[in-house]
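Residues per chain, in single letters:
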Amino acid sequence: MLAVKTIKSNSNIFRRAIWLMGNQFEISIVANDVIWAEERIANAINEINRIEKLLSAFSDSSNVTEINRNAGIQPVKVNPEIFWLIDRAIKISELTYGAFDITYFSGDKELISANNKTTKNATTFGNYQSVVLDDRAMTIFLKEEGMRISFAANSKGYAVDRAKYILQTQGVSSGVINAGGDLLTWGLQPDNQPWTVAAADPELQNVPYADLNISNMCIATAVNSDENVAITNKQVVKKINPKKGFQVSGIVSMSIISPSAELSGAMANPMITIGINAGLYLINKLNQIGCVVIDDHQRIYTSKGISITE
């Protein structure tokens, strides 16, 4: 069931909040007419719903189900849209040394938590290197039996990018999509000022990077959760890298800025497990991407080209 809030306007900004893909979305566009704005936002919502259905692993007839069903058996011809989404995901896996991975194996896996206790996981970690892509035949092959793919880590970002594309092709020259705290913007505000983090989401006006210009960019933030975290004197200390089993640096939040919600969203969580120094080194080697890191001592680190006024 979709929970929808009535469209609201503030000056020339029209907003609608709706529950989609397990997240609270708020779509805001700059427009002059409420009926026109409602139609454009409705079309963007339809596109997000299309992406959710396309990437579902719960439909017997979906490409994702077919890929998983034929793991270790044979390649599966897929929709080009899914093929290239998987191709991009594999490239991000390579870029992050496997910290980002859309593959997994069914089964039980023991994890060592930060307090040295073992816990059971319903899945074991996958291996993106066992995904074979054939761009001529448009086929995907999972080489190992029991191997699976899931778009849980990158489907939201891709859906946001597609929604923006639909809005732009229908004449929306400026807007913001807030997908569970990840912000994608394009154009300028009604007063011709650039979108900042606080302007795109007033609830973030007190964060250290509230004045950061994010016009025509996406900023996605991952927060170090309590999962697999050691608690000492009520303070979060360290997090376990789930793939390697060792403690990673005390990052409280990692924000990735890039032109794509798919890329920003996919990179944010892996960068926490990579750590501050290695993460900054990696981001600084890339074009059109930046990051803001806050550690457990409230120190702020930024990649090159990003300046935060404290």
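Residues numbered from 1 in each chain as written. Predicted model: local features only at pLDDT ≥ 70, side-chain atom pairs only at ≥ 80, totals over all residues. Heavy atoms only, no water.

Enquirer: In this structure, what is going on with the packing of aromatic side chains? I would like to understand it.
Expert: Aromatic ring pairs are defined here through the distance separating the ring centres and the angle between the ring planes. A complete count under the given rule lists one aromatic pair for this structure. Here F83 and W84 contribute two aromatic rings whose centre-to-centre distance is 4.9 Å and whose plane-to-plane angle is 85 degrees, an arrangement assigned as edge-to-face. A relative accessible area of 37% means that W84 is categorised as partly exposed. (Phe/Tyr/Trp six-rings, centres within 6.5 Å; stacked < 30°, edge-to-face > 60°. Buried < 20%, exposed > 50% of the residue type's maximum accessible area, 1.4 Å probe, protein only.)

Enquirer: What is the right way to look at the nonpolar core in this model?
Expert: Side chains that are nonpolar tend, in soluble globular proteins, to be buried together. In terms of nonpolar packing, the biggest core is built from 67 residues, with I27, I86, F151 and I256 touching the most fellow members. Sequence-distant contacts of I256, that is, excluding residues within four places in its chain, are made with C218, I219, A220, S264, M267, A268, M271, I283, I289, G290 and C291. Of all hydrophobic cores here, the second largest spans 16 residues; its members include L183, Y209, I214 and I219. (Core = buried A, V, L, I, M, F, W, Y, C linked by side-chain atoms within 4.5 Å. Contact = heavy atoms within 4.5 Å.)

Enquirer: What am I meant to see in the sheet that holds strand β7 (residues 131-134) here?
Expert: The strands making up a sheet associate through hydrogen bonds between their backbones, and the pairing can be parallel or antiparallel. If you walk across this open sheet you meet the three strands as β4-β8-β7, and the pairing is antiparallel. The open sheet has two edge strands, β4 (76-77) and β7, and neither has a second partner. Pairing geometry for β7 and strand β8 (residues 139-142), over four bridges, is antiparallel. Each residue of the ladder has a partner; that of L133, found in β8, is I140. (Pairing = 2+ DSSP bridges. Helix = DSSP H or I, 4+ residues; strand = E, 2+ residues; numbered from the N terminus.)

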